[in-house]
Amino acid sequence: VQLQASGGGLVQAGGSLRLSCAASGSMSSFVMGWYRQAPGKERELVASVTNGGSPNYADPVKGRFTVSRDSAKSTLYMQMNSLKPEDTAVYYCNAAETRWSGRYDYWGQGTQVTVSS
């Protein structure tokens, strides 16, 4: 599967952004997620959603970010509200599939989110 992320940008603290990630095919067999990587830091999981629609959030974004998926459009979303400067990072969408041979990860190209104070 190929992933195309969009929706990043520059926003002031307290503002909102909505990220989208379009998949080239069906997402039904994947757990979909958003990761981020700030300068000098490791990539970290922000939020994920199972193919059944169950979300999972990292503690720093709980209550502020909402992840969702639209299977009909093969698109993953993340609504980000009450943004903080520490949310500044490149955000990557991820599709993860577990097969008998192991876990397989697919990545989008990343979209920059910059939150000014």
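Residues numbered from 1 in each chain as written. Predicted model: local features only at pLDDT ≥ 70, side-chain atom pairs only at ≥ 80, totals over all residues. Heavy atoms only, no water.

Participant: What am I meant to see in the overall build of the chain here?
Facilitator: Scanning the chain from terminus to terminus reveals zero helices and eleven strands. Taken over the C-alpha trace, the chain has a radius of gyration of 14 Å; the compact-globule value for 117 residues is 13 Å, and the two agree within 12%. Each principal axis of the C-alpha distribution contributes one length, and for the chain these read about 45 × 30 × 25 Å. Here the chain, with 117 residues, has 41% of them falling under the buried criterion. At a minimum sequence separation of 6, the contacts of the chain that also span at least 24 residues come to 53%. Of the roughly 6,200 Å² that the chain leaves accessible, carbon and sulfur atoms contribute 48%. Charge-centre separation for the chain: the mean point of 11 positive side chains lies 4 Å from the mean point of 8 negative side chains. (Helix = DSSP H or I, 4+ residues; strand = E, 2+ residues; numbered from the N terminus. Rg over C-alpha atoms; globule rule 2.2 N^0.38 Å. Buried < 20%, exposed > 50% of the residue type's maximum accessible area, 1.4 Å probe, protein only. Contact = heavy atoms within 4.5 Å. Areas by Shrake-Rupley, 256 points an atom, 1.4 Å probe, with all protein chains shown as cover. Lys, Arg positive; Asp, Glu negative; His and termini not counted. Charge placed at Lys NZ, Arg CZ, Asp CG, Glu CD.)

Participant: Help me out: how do you make sense of the state of the cysteines in this one?
Facilitator: What we call a disulfide is simply a covalent bond connecting the sulfur atoms of a pair of cysteines. Here the structure, examined in full by the defined rule, presents one disulfide. With its sulfur 2.2 Å from that of its partner, Cys21 forms a disulfide with Cys93. Judged by the sign of its S-S torsion, about 60°, the bond between Cys21 and Cys93 is right-handed. On the criterion of sequence distance, the pair formed by Cys21 in strand β3 (residues 17–23) and Cys93 in strand β9 (residues 89–99) is long-range, its members being 72 residues apart. For the residue pair Cys21 and Cys93, the accessibility class agrees, reading buried in each case. (Disulfide = S-S within 2.5 Å.)

Participant: What is the right way to look at the pairing of strand β7 (residues 65–70) in this model?
Facilitator: The side chains of a regular strand alternate between both faces of the sheet. Only one face of β7 is buried: it carries Phe65, Val67 and Arg69, and the other face, with Thr66, Ser68 and Asp70, is open. Alignment of β7 against strand β8 (residues 75–80), held across six bridges, turns out to be antiparallel. Note that in β8 the partner of Arg69 across the bridge is Leu76. (Pairing = 2+ DSSP bridges.)

No statement about biological role is implied by the geometric values presented.
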